[in-house]
Amino acid sequence: MEEDQGRKMLSLERHQFIIDYLKVHKSVDVSFLSAELGVSEVTVRKDLEKLERDKLLVRSHGGAVLNEHLFNEPSFMEKEDQLTEEKSAIASEAAKLIRNGMTVGLSTGTTIGHLTRKIKDRSGLTIVTNAINVATTFMGSNEHQIFLTGGNIRPSTFALIGETAEKALDSVYCEIAFVGTNGFDSEHGLTTPSMDEARVVRKLMANAKHVVLLVDHSKFNKVAFYRIEHVHQVHTVITDSKAPADELEKLREKGIQVIIA
């Protein structure tokens with residue numbers, strides 16, 4: 001058993017080395033990896049096959065290249081003007097789940113931004129968030145309590161990240177949390193290009209009684225670099241009518257509520 005675990009850890013270390021190398025150099029040869037990792041070329045090819053199945057790279061003749069999509073992330077402002085009708089409809093369905101007086105967790109994301117604007121007229125909400133734009137939406141209102149984590153600012157998403165943001169959520173619990181994602185499918189779960197942002201959102205999800213994922217159809221069957229959380233940590237998915245039917249059925253089979261906006 002211990003021997004098997006040792007082999008597993010060694011495999012994970014090789015996979016991490018390959019991805020880290022590709023992030024810098026964009027491509028790599030099987031022969032180079034064999035020499036660097038001290039394993040046979042057959043083993044390297046098996047590693048590359050596994051990483052390709054996980055959509056982390058694309059195999060090429062004699063090696064592999066990085067799956068650039070994993071690390072590409074449009075800015076908040078770029079995403080704000082995309083699929084606005086779908087995002088607004090999803091946010092309207094999400095708003096129906098929020099009652100006056102609830103403690104609500106809100107992550108970053110443009111669809112979350114739509115939701116924030118739709119619940120401004122509620123009363124007695126306690127909002128827990130690491131998103132600067134979410135907090136500023138409620139500025140000037142005496143109807144709500146706003147808990148904004150500290151942390152370092154990630155300008156592209158208006159997110160607060162890092163150890164300070166994570167620790168701020170250690171003892172904060174929400175009745176319901178609404179989160180967004182860059183990529184989503186039933187196998188890989190919720191993914192994002194940012195490891196630091198993923199950790200904060202994961203903590204927000206862990207400390208919520210009910211987790212709702214707001215995800216438009218363009219995010220399905222896409223995988224970004226870092227997993228936020230597995231699918232089984234989500235209780236409800238709200239999406240639009242263009243979402244792939246087969247993926248929605250897989251979610252329902254897992255006991256996850258699916259709401260079509």
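K.L.:
Would you mind going over helix α6 (residues 110-118) in detail, with residue names and values included?
P.N.:
Most of α6 is tucked away, with seven of its nine residues classed as buried. Of all the residues in α6, the buried ones are Thr110, Thr111, Ile112, Gly113, His114, Leu115 and Thr116.

K.L.:
Report on the sheet that holds strand β11 (residues 189-192), specifying residues and quantitative values.
P.N.:
Taken together, the three strands give an open sheet; going across it, the order is β10-β11-β13, and neighbouring strands pair in antiparallel fashion. At either margin of the open sheet sits one strand with a lone partner, and together these are β10 (183-185) and β13 (226-229). Between one strand axis and the next, the sheet turns by 35° as a mean value, whatever way the strands run. Note: β11 against β13, three bridges, orientation antiparallel. Each residue of the ladder has a partner; that of Leu190, found in β13, is Glu229. Sitting on the sheet, helix α9 (residues 195-206) touches β11 and β13, and the angle it makes with β13 is about 10°.

K.L.:
Which residues make up the packing of aromatic side chains, and what values go with them?
P.N.:
Summed over all chains, the structure comprises three aromatic pairs. On the basis of an interplanar angle of 40° and a centroid distance of 4.9 Å, the ring pair of Tyr21 and Phe32 is categorised as tilted. In this pair, Tyr21 sits in helix α1 (residues 2-25) while Phe32 sits in helix α2 (residues 30-37), placing the two residues 11 residues apart along the sequence. Through successive ring pairs, a cluster of aromatic residues spans Phe17, Tyr21 and Phe32.

K.L.:
Run through the pattern of salt bridges, naming residues and quoting values.
P.N.:
As enumerated under the stated definition, the model contains 13 salt bridges in all. Residue Glu163 pairs with Lys167 through a salt bridge whose shortest N-O separation is 2.9 Å. In this pair, Glu163 and Lys167 are both assigned in helix α8 (residues 163-168), four residues apart and thus about one turn of the helix distant. Taken individually, Glu163 and Lys167 each receive the classification exposed, so the pair is uniform in this respect. With a shortest N-O distance of 3.8 Å, Asp216 and Lys219 are connected by a salt bridge.

K.L.:
Describe unusual backbone geometry, listing the residues and the values that go with them.
P.N.:
At Lys26, a position not held by glycine, the phi torsion is positive, near 75°. Turning to its location among the elements, Lys26 is positioned in the loop between α1 and β1 (27-29). Note on Lys26: relative accessible area 40%, which makes it partly exposed.

K.L.:
Describe the environment of Ala91, naming the residues involved and giving the relevant values.
P.N.:
For Ala91, the position within the fold is in helix α5 (residues 84-95). A relative accessible area of 0% means that Ala91 is categorised as buried. In this structure the C-alpha to C-alpha distance between Ala91 and Lys118, which are 27 residues apart in sequence, comes to 7.5 Å. Residues contacting Ala91, with those up to four places away along its chain left out, are Thr111, His114, Leu115 and Lys118.

Each value, and the rule that gives it
Residues numbered from 1 in each chain as written. Predicted model: local features only at pLDDT ≥ 70, side-chain atom pairs only at ≥ 80, totals over all residues. Heavy atoms only, no water. Buried < 20%, exposed > 50% of the residue type's maximum accessible area, 1.4 Å probe, protein only. Helix = DSSP H or I, 4+ residues; strand = E, 2+ residues; numbered from the N terminus. Pairing = 2+ DSSP bridges. Axes fitted to C-alpha atoms, helices over the stretch in contact; angles between N-to-C directions. Contact = heavy atoms within 4.5 Å. Phe/Tyr/Trp six-rings, centres within 6.5 Å; stacked < 30°, edge-to-face > 60°. Salt bridge = Lys/Arg side-chain N within 4 Å of Asp/Glu carboxyl O.

Scope: geometric values only; no functional claims are made or implied.
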